Amino acid sequence: MPLRHTPALIAALVILLMAALAACQQATLPDSVPGIVDPANLGWPREVEGLNGVVSIPAKPERIITASVGHDEVALALVPGDRLVAVGGATKDGTFSNVAPLVEDKPVITSDPETIIAQSPDVIVTSPFFPPDAIEALTRVGIPVVQTALEHDPEARIDSILFMGYIFGEEERALEFAEEVRQRYDSLVAVTAAQEPKPRVLALTQYSDQIWVAGGNSSEGGVITAAGGINAAEEAGVEGNQTTSLEGVIAMDPEVIIIPQPAAFGADEFRQSLLANEALAETPAVKNGAVHVVESKHFTTLSHWNTRGAEDLARLLWPDAFPEPADAGFSLAE
């Protein structure tokens, strides 16, 4: 008896075929991305491991809150803007945020759980500084919270993009964007690594009459290295962001000083005070006028925007090697 190809049977076969094709086309994530418990699981629910432990995400999040500037910048590269339902006040402030124009109409949340719960999020991704009691309160009402650090290291940055893409169910976009960021960084370093002699660069800021310097394991230090400079503070044994003194600046003997501080917080005045200080007159950077105010949000925000900071600094250090301006920004999710 011949098999009857009824409309229902044909429809079922088409659905099975489409499902098989979709499975074949699913993005393949690396096995080594920290935080992804089972990279082979591209369905729901899925588990991830944040700084606050293993968290189960029951379904693809459509309402996302990422509760820090750096996380917001990464999220908007991975998901359409309407899925990011609220942001912190700093993300809406162009002084600190590279995505402020994209979130002008978003509601503002704080670390107070009530302001977050009011937005009915499906998931929250946040920094190590988010209060533990707030995480507990949000978890108690059934909202998955994933606490994760953002790093300045190039490979760790790629891992963060892939991890957040997995949390959001946007593996393909995360792989695509990670490759964009990687290629942009690698293209820069391919040029800066060949430049000689490498200048000794010091990143200084001044707040509340205290001078701060960025040493090893800092976002500014990573930018300096990528741009082809030597971080004079790291060379002097400084780790992270530490206070220093004029004597410390003299001892570090920088050839270039950069000031990754907002103009609204006195960057230009600080620059003038360094140039006018007689004690610094013989420091090479001051003697040669190589003291520059740079865009702070490209240097201090922990996200892929640090690559833009490195591109800007490379053009300052090596103008002949980079005759064209840096790309304005990065691609966004459609």
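Residues numbered from 1 in each chain as written. Predicted model: local features only at pLDDT ≥ 70, side-chain atom pairs only at ≥ 80, totals over all residues. Heavy atoms only, no water.

Draft legend 1. Representation of the packing of helix α7 (residues 219-226) against helix α13 (residues 305-317) in the model. Between α7 and α13, the least distance of the axes is 8 Å, while the angle of their chain directions is 45°. When the axis of α7 is compared with that of α13, the two are oblique. As α7 runs across α13, the sense of the crossing is right-handed. Touching S219, V223, I224 and A226 of α7 are N306, G309, A310 and L313, all from α13. Looking at the contact of α7 with α13 residue by residue, the class counts come to 5 nonpolar, 3 polar and no charged. (Axes fitted to C-alpha atoms, helices over the stretch in contact; angles between N-to-C directions. Helix = DSSP H or I, 4+ residues; strand = E, 2+ residues; numbered from the N terminus. Parallel < 35°, antiparallel > 145°, perpendicular 65-115°, else oblique. Left-handed = near helix turned anticlockwise from the far one by under 90°. Contact = heavy atoms within 4.5 Å. Nonpolar A, V, L, I, M, F, W, Y, C, P; charged D, E, K, R; others polar.)

Draft legend 2. Structural view of the nonpolar core. Of all hydrophobic cores here, the largest spans 35 residues; its most connected members are V48, L78, I161, I167 and F168. Mapped by element, the contributors of at least two residues to this core are β2 (53-57), α2 (69-78), β5 (123-126), α5 (154-168) and α6 (171-192). Looking at this core, the element that brings in the most residues is α5, giving 8 residues. Membership of the second largest hydrophobic core comes to 20 residues, among which are L188, I258, F299 and L317. (Core = buried A, V, L, I, M, F, W, Y, C linked by side-chain atoms within 4.5 Å. Buried < 20%, exposed > 50% of the residue type's maximum accessible area, 1.4 Å probe, protein only.)

Draft legend 3. Quick look at empty space enclosed by the protein. Enumeration over the complete set of coordinates arrives at 1 cavity of 30 Å³ or more. There is about 50 Å³ of room inside the largest cavity. Taken together, V74, L150, E151, A156, R157, S160, I161, L302, S303 and H304 make up the full set of residues lining the largest cavity. The residue inventory of the lining of the largest cavity, partitioned by class, reads 5 nonpolar, 3 polar and 2 charged. (1 Å grid on protein atoms, 1.4 Å probe; cavity = no way out; pocket = protein on both sides within 12 Å on 5 of 7 lines; lining within 4 Å. Points joined across faces, edges and corners; volume = space filled by probe spheres on them.)

Draft legend 4. Structural context of the packing of aromatic side chains. All told, the structure shown has 3 aromatic pairs when counted by the stated rule. When the ring of F177 is compared with that of F330, the centres are 6.4 Å apart and the planes differ by 75°; the resulting orientation is edge-to-face. Separated by 153 residues along the polypeptide, F177 in helix α6 and F330 in the segment after α13 bring together distant segments of the chain. Assessed through its relative accessible area of 0%, F177 is described here as buried. Since its relative accessible area comes to 12%, F330 is described here as buried. For the pair W305 and F330, a centre-to-centre distance of 5.1 Å together with 80° between the ring planes defines the contact as edge-to-face. Of this pair, W305 sits in helix α13 while F330 sits in the segment after α13, placing them 25 residues apart in sequence. We classify W305 as buried; its relative accessible area is 10%. Linked through ring pairs, F177, W305 and F330 together constitute an aromatic cluster. (Phe/Tyr/Trp six-rings, centres within 6.5 Å; stacked < 30°, edge-to-face > 60°.)

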